[in-house]
Amino acid sequence: MQGDDETLREALFELKVLREREAEALRESNALLKGLSSITDAARPAEALTRLLRSIEGSLGCDLVALIAGAHGAAEIREATDSTLAGLSFPAAPLRLRRPIRAADAATLTWWPAMPAPLQRFSALLIVPISLPDGEAGAILCLTGEHAGFSPDDQNLLSRLAILAAQALATLSLSERNALLAGVIAGSSASVVVADARSPETPLVYVNDAFVALSGYARAEVLGRNCRFLSAEEADSPERLRLRHCVATRSNGTFELRNRKRDGSFFWNRLTLFAVGEPGEPPRYLVATQVDITAERAAADERDLAQRRLTAALSATSEGFLLLDPHGTIVLANARYRTFFEADAAPFLPGVRFAEAWRARLLAIGYPEADAAEGARRRQDRLFGGEQNREETLPDGRVLQVSDRATSDGGAVSIATDITARVATERILAQRAAAMDATEDGIAVTDEAGRFTYMNPSHLAMFGYEREGEVLGRHWTTLYDAEKAEYLTRVGMPEIRRSGAWRTEISGRSRSGAEVEQEVSLSYLPGIGLVCVSRDISERRQNERERARLRDQLQSAQRQEAIGQLAAGVAHDFNNLLSVITTSTSLAEGDLEEGREVQSHLQRVQAAARNASRLVRRLLHLGGRPSEIRAVDLGAAMGEAADLLRAGALASVSVSLSLPDETPSVDADATDLLQVVLNLGINARDAIGDQAGEIALSLTVETLAKPLTDMAVGSVEAGRRYAVIGVRDTGPGIDAEGLARIFRPYFTTKGDGGTGLGLAVVAGIATKIGGAIRVQSTPGEGSTFTLYWPLEPAPEATPAHPTGAAEGRLDLTGAPVIVCDDVEDVAQSIAALLERRGAEVTICEDARDALAAIEEDPEVWALLVTDFDMPEMDGEALARAGRAAAPALPIVLCTALAERRKAGTLFDAVLAKPVCPEGLDAAIARAVAARRRCDTHAKPALAAPAEAMPAGTPGEETP
């Protein structure tokens, strides 16, 4: 019994569910029928959509139904049951119009507060997507004030009703398009007719008002008839046969036909025919548009007549004439134009495409295919590119003046004129005019009355004028003072009338009042007037004056240096004698017993020797020029030297100057610097001679990382800043023998034209400033002289005359020493002093013997004492070679010209002649200490105790 009750309950439940489903299905069916009825009963498509939305509102029992369209991030209500909401827009992103949304409580949606206020009064919402005709995202929105007012069944029903809405929208869109198309056709100014393509007779089914106005027939008279009754063409005319074929095949085409109106008058008709139908189906209609072109044909006939007349006229002209239509087709090319451009394979005939004709022409004259095609395209672009005038040279050498212009109707015209003869004449005249304008000489022409008719730029610039118009028409006397003008009139004019030409040097007056020194050549041309050729000689005269000043300056300097060199030579010999006297007396003083009378005589000899030494010093300064030490801008000084060199150089020799961005200053004698650069520059100029060449002056600043050992004069120190002055020439160069002698006084390769003092002066100045000179030269490739001018003072030297000397004596017991001096007595006296200190002395009068001894056994020798000026090999060469063989060997330079030599990398100490024992001791001690500092790894054979190193002694120079 209990089981039967359970079965009964299940059956009743299923029955209830079935009834609910049937009720929902009935509700859905009724809603769909109601919606369909609202669409079909609407009088207009636009009304159908509104009725459908209201039907949906009633079927779902909601308060508002709206159609929403969204695009580009915004949504808009297109239609709504509340018409006041139509056109309302809001952000589209929250709605997500591409999927359904159902919300029992809209307030719980995060984006709901952003919706417009008129929509926020509702509680529940339902959104279903819908397809819009234009492809936009769309949806149907339903809103109700009842909480949880929409069920899933409502959503399913709305989805089905959305399909009806989409159909209603498509119908509305199609209706609007059809209405638009009908309005366009009906209101068109062109005649439009429609024929039934499915009927063999293709009867007219529609004509617009423009057809009625064009033909004069009423609609009732033509509908249902074939339109052939309008044609006035012959039955077998080409255009009518073409039209008949187009109608038969239901294809498209455009025709120009002669038609007859209802009143019997004729008109020309342009007919465009096209078929209309569904894709893949036979056409349903033939549509034709008609335009009355009677006036156009009359204008064309008149244009053709005018063209024939123009062609006849242009054929007779001497100019080539080409006319193109807007499509680039040749309309006309007269015989002259074809003579200019036509080739056998490129006829310039009416109807031919210009680009093809021009390409064939280029091929015929040898252009490659690709170049011919590109050239033809560019030529046509120029024709249509606007007004252009140019000259064109034909392959046979003729020159054409070609004028291309675009025409108002979109075409182009080209006119070609043979100007070969004129161009030849103009070229000659232009060359002459260009030559006159380009010449550096001033050229001016006056008329018979003396008024200027031409003045070239050089003549204008010479007298300070900028434009020719400022002087044309003025009399030539305005360029001269009254006195000079009177001279030209009184002296020059009679000579010009007599011989036709006259030349003189005279000063004119520029526009600013400045004097213009010029060489003037005047000629008379009958019928023209005076031709004046004027050359500005101001620079030449300035150069002459500058060369004279430079010559005087150099001669003065050379005279002074010659005296100085002469004095130096005498001083050298005299000091050698004094050295013998002083050293001998010093030996006598030590050997003899202490006798008052003998000692007083020796003291007087010593005093006389010291007086003689002072006399020698005065003699050394006899030819010297007092120095004027001041701050000198090296860049400005180099620039002055370069200007002076340019003034004295031939035109074939260029002088260049290279300076750094910031040029240094140095405390120096400006004349010394100028003498150095000028002497080096003049030597370079003389080396180049009459040939073309280059002299390059340069200035740089360097801080030497290490000593340079290839100096020809002096030495340089590591870590010291130098201004490096370079003078490079492209002359014949100097051989090895010449390089070894160039700095010796009186040595010259110029014969009688040289003094042999120029480079000696340079060497003396370089030595005086503590600088150095490097020479690099290759025979046949030129030479480069580089002067290292110190920018910082040398380290402070110990005073030459100290207040006291150390009491210790130098101990040289057993030390092997070489003394090298070409004067035997001097060498013997120095050797004697050294032997008193215990040294074992070897004397060499030839520096080559001393070098051989050092190279034979470098480790043996403890000291080298050498003179500087010696035959065969001087002291500098000996020191350089000896240093290479024995780096640890101390070297003392003992010279009569100590003031011109400095200690450095070659000489560890410099000792002045005449030699005294104390000075020799100090120099040796200093040399040993200097050598120890220069080479910490070397072990000198001679070690001097600190107490034996006096700070300085009269007659010596400390490093």
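This report concerns the structure included in the present document. Predicted model, so just to flag it, every value in this text is computed and none were measured. (Residues numbered from 1 in each chain as written. Predicted model: local features only at pLDDT ≥ 70, side-chain atom pairs only at ≥ 80, totals over all residues. Heavy atoms only, no water.)

**Remarks on helix 6 (residues 238-248)**
Regarding helix 6, the residues found buried are Arg240, Leu243 and Cys246. One side of helix 6 carries all its buried residues, which in axial view fall inside an arc of 120 degrees. Structural note: helix 6 exposes Pro238, His245 and Ala248 on the side pointing more than 90 degrees away from its buried face. Close packing links the buried residues of helix 6 with strand 9 (253-260) and strand 10 (266-276). At the C-terminal side of helix 6, Arg250 shows a positive phi close to 50 degrees. (Buried < 20%, exposed > 50% of the residue type's maximum accessible area, 1.4 Å probe, protein only. Helix = DSSP H or I, 4+ residues; strand = E, 2+ residues; numbered from the N terminus. Arc of directions from axis to C-beta. Contact = heavy atoms within 4.5 Å.)

**Digging into the side chain of His459**
By the element assignment, His459 lies in helix 12 (residues 457-462). In this view, His459 contacts Gly442, Ile443, Ala444, Leu479, Cys532 and Ser534; residues no more than four positions away in its chain are not counted.

**What to know about the state of the cysteines**
The final tally for this structure, using the stated rule, is 0 disulfides. The thiol of Cys142 is not disulfide-bonded; the next cysteine sulfur, from Cys62, is found 4.5 Å away. For Cys142, a relative accessible area of 0% translates into the label buried. (Disulfide = S-S within 2.5 Å.)

**Focus: unusual backbone geometry**
Of note in this structure, Arg250 is not a glycine but carries a positive phi near 50 degrees. Within the secondary structure layout, Arg250 lies in the loop between helix 6 and strand 9. Backbone geometry places Glu872, a non-glycine residue, at a positive phi of 70 degrees. Note that Glu872 resides in the loop between strand 32 (863-866) and helix 22 (875-885).

**Comments concerning the environment of Asn30**
Structurally, the position occupied by Asn30 is in helix 1 (residues 2-40). Taking the C-alpha atoms as reference points, Asn30 and Ser59, separated by 29 residues in sequence, lie 8.4 Å from one another.

**Focus: the pairing of strand 20 (residues 515-525)**
The pairing of strand 19 (residues 501-509) with strand 20 spans 9 bridges and is antiparallel. Pairing of Ser507 across the sheet is with Glu517, part of strand 20. Connecting strand 19 to the antiparallel partner strand 20 that follows it, the hairpin turn spans 5 residues, and Gly513 within it adopts a positive phi of roughly 95 degrees. Two strands pair when backbone bridges link them, and strand 20 and strand 21 (residues 529-536) are joined in this way by 8 bridges, in the antiparallel orientation. Following the sheet pairing, Leu522 is matched in strand 21 by Cys532. What sits between strand 20 and strand 21 in their antiparallel hairpin is a turn of 3 residues, with Gly527 showing a positive phi close to 85 degrees. (Pairing = 2+ DSSP bridges.)

**Examining the nonpolar core**
Ranked by internal contacts, the top residues of the largest apolar core, which has 43 residues, are Leu673, Ile695, Leu697, Phe743 and Ile773. Non-local contacts of Ile695, meaning those with residues more than four positions away in its chain, are made with Val653, Ser654, Val655, Ser656, Gly681, Ala684, Arg685, Ile688, Val727 and Arg728. (Core = buried A, V, L, I, M, F, W, Y, C linked by side-chain atoms within 4.5 Å.)

**Here we look at the sheet that holds strand 29 (residues 782-790)**
Within the open sheet, the 6 strands sit side by side as 23-25-27-29-28-26. Their pairing is mixed. Whereas interior strands pair on both sides, the edge strands pair on one side only; in this sheet they are strand 23 (653-658) and strand 26 (713-714).

**Focus on the pattern of salt bridges**
Enumeration according to the criterion identifies 38 salt bridges in this entry. The shortest N-O distance in the salt bridge between Glu239 and Arg242 comes to 3.0 Å. Within this pair, Glu239 and its partner Arg242 are both found in helix 6, separated by 3 residues, close to a single helical turn. Its relative accessible area of 24% is what places Glu239 among the partly exposed residues. Within this structure, Glu256, Arg270, Glu296 and Arg297 form a network of salt bridges that share partners. (Salt bridge = Lys/Arg side-chain N within 4 Å of Asp/Glu carboxyl O.)

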